[in-house]
Amino acid sequence: MSDLAGRSTRLAVLVSGTGTNLTALLSAIGSDPDFGAEVVVVGSDRPEAGGLARAEEAGISTVVTALADHPDRVTWEAELTRRLAEHRPDAVVLAGFMRLLSGAFLGHWPDRVINTHPSLLPAFRGAHAVREALEYGVKLTGSTVHLVDEEVDHGPVIAQRAVEIRDDDTEERLHARIKEVEHELLPTCVKLLSQGRLVVDGRHVRIREASK
């Protein structure tokens, strides 16, 4: 069970693309009675995002807050915050969400906004991590799940897993293998967050033993 008064942790999930990480998370929650969480809303900055359709198929409420519909980022983010807050989430999962979020947003869910990134941070931050790893010639890259702060792909690391780069890799092939890792690592970390087992000490995240 969750640490939140004996109930499931309520999750908001934000997506910008196809929603494969959302699907992996929903599958993990559905197959694990001890997961301790439920997805109560899926939000996006793009009305055409495939993740919204995945949520609707699962019977989950969706919200769309497009940046182009607002005069600036501040009002856009305030509207996104308001619409998510209507569903009373305890934590927010960024599952392929491609917008930066400010301290004003993060302050509503301190140390409870989690993101996945396709590199071994702090290497290759930003939107082109897979391409840059290939161009740089590193032999290992991977997936990082971290708590979100106001800098790009910078918050405290919860977990990482390496993916070997092969000589014949293209960006698409490498990214596909990284996604396979993400689909396992993100749900694992969300479960730890939902169960109140993450202890944040500056840049260090420690994992408590599970309650018996």
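The structure this text deals with has already been given above.
What counts and what doesn't
Residues numbered from 1 in each chain as written. Predicted model: local features only at pLDDT ≥ 70, side-chain atom pairs only at ≥ 80, totals over all residues. Heavy atoms only, no water. Phe/Tyr/Trp six-rings, centres within 6.5 Å; stacked < 30°, edge-to-face > 60°. Buried < 20%, exposed > 50% of the residue type's maximum accessible area, 1.4 Å probe, protein only. Salt bridge = Lys/Arg side-chain N within 4 Å of Asp/Glu carboxyl O. Helix = DSSP H or I, 4+ residues; strand = E, 2+ residues; numbered from the N terminus. Pairing = 2+ DSSP bridges. Axes fitted to C-alpha atoms, helices over the stretch in contact; angles between N-to-C directions. Parallel < 35°, antiparallel > 145°, perpendicular 65-115°, else oblique. Left-handed = near helix turned anticlockwise from the far one by under 90°. Contact = heavy atoms within 4.5 Å. Nonpolar A, V, L, I, M, F, W, Y, C, P; charged D, E, K, R; others polar. Core = buried A, V, L, I, M, F, W, Y, C linked by side-chain atoms within 4.5 Å.

Colleague: Is there a simple way to explain the packing of aromatic side chains in this structure?
Modeller: Ring pairs (aromatic) are described by centroid distance and by the angle formed between their planes. Under the criterion given, the structure shown has two aromatic pairs. With centroids separated by 5.0 Å and ring planes inclined at 50°, the aromatic side chains of Phe105 and Trp109 adopt a geometry described as tilted. Its relative accessible area of 0% is what places Phe105 among the buried residues.

Colleague: Help me out: how do you make sense of the pattern of salt bridges in this one?
Modeller: Note on pairing: side chains with opposite charge can pair once their charged atoms come close. Under the criterion given, the structure shown has ten salt bridges. Note that Glu48 is salt-bridged to Arg46, the shortest N-O span being 2.9 Å. Linking Asp169 and Arg177 is a salt bridge whose minimum nitrogen-to-oxygen distance equals 2.8 Å. Neither Asp169 nor Arg177 differs from the other in exposure class; each is buried. A single network of salt bridges, built from pairs that share partners, joins Glu79, Arg82 and Glu86.

Colleague: I keep staring at unusual backbone geometry and nothing clicks. Help me out?
Modeller: Here Leu121 and Pro122 are connected by a cis peptide whose omega angle stands at 15°. Residue position: Pro122 is located in the loop between β5 (113-117) and α5 (129-136). Positive phi, normally seen in glycine, also occurs at Phe124, with a value near 55°. Mapped onto the elements of the fold, Phe124 is located in the loop between β5 and α5. In this structure Phe124 comes out as buried when scored by relative accessible area, which is 17%.

Colleague: Which parts of the structure should I look at to understand the pairing of strand β4 (residues 91-94)?
Modeller: Two faces, one strand: in a regular strand the side chains alternate between the faces of the sheet. Burial of the side chains of β4 extends over both faces: Ala91 and Val93 are buried on one face and Val92 and Leu94 on the other. Of the strand pairs in this sheet, strand β1 (residues 9-15) and β4 are connected by four bridges, and their pairing is parallel. Looking at the pairing, Ala12 lines up with Val92 of β4. As paired strands, β4 and β5 are joined by three bridges and run parallel to one another. Counted as the bridge partner of Val93 is Ile114 from β5.

Colleague: Which parts of the structure should I look at to understand the packing of α5 against helix α6 (residues 171-194)?
Modeller: Two packed helices can be described by the angle between their axes and the distance between those axes. It is at 9 Å that the axes of α5 and α6 come closest, and there the two elements cross at 120°. The angle between the axes of α5 and α6 places the two elements in the oblique class. Relative to α6, the crossing made by α5 is right-handed. Here Val130, Arg131 and Leu134 of α5 come into contact with α6, specifically with Glu171, Leu174, His175 and Ile178. The class makeup of the residues in the contact of α5 with α6 is four nonpolar, one polar and two charged.

Colleague: So what exactly am I meant to see when it comes to the nonpolar core here?
Modeller: Soluble globular proteins tend to pack their nonpolar side chains together in the buried interior. Leu11, Val13, Leu25, Val42 and Ile158 are the most contacted members of the largest nonpolar core, which has 31 residues in total. Among the elements of the structure, β1, α1 (20-31), β2 (37-44), α2 (50-57), β4, β6 (140-147), β7 (157-164) and α6 are those that each provide at least two residues to this core. In contact with Val13, other than residues within four places in its own chain, are Leu22, Leu25, Val39, Val41, Val42, Gly43, Val93 and Ala95. One finds Val40, Val63, Leu80 and Val113 within the second-largest nonpolar core, a separate group that totals 18 residues.

Colleague: So what exactly am I meant to see when it comes to the packing of α1 against α6 here?
Modeller: At a minimum axis distance of 9 Å, the contact between α1 and α6 shows a crossing angle of 55°. With respect to α6, the axis of α1 lies oblique. For α1 against α6, the interelement crossing comes out right-handed. Together, Thr20, Asn21, Ala24, Leu25 and Ala28 of α1 and Glu182, His183, Leu186, Pro187 and Val190 of α6 make up the contact between the two elements. For the contact of α1 with α6, the per-class residue count stands at six nonpolar, three polar and one charged.

Keep in mind these values describe shape, not function.
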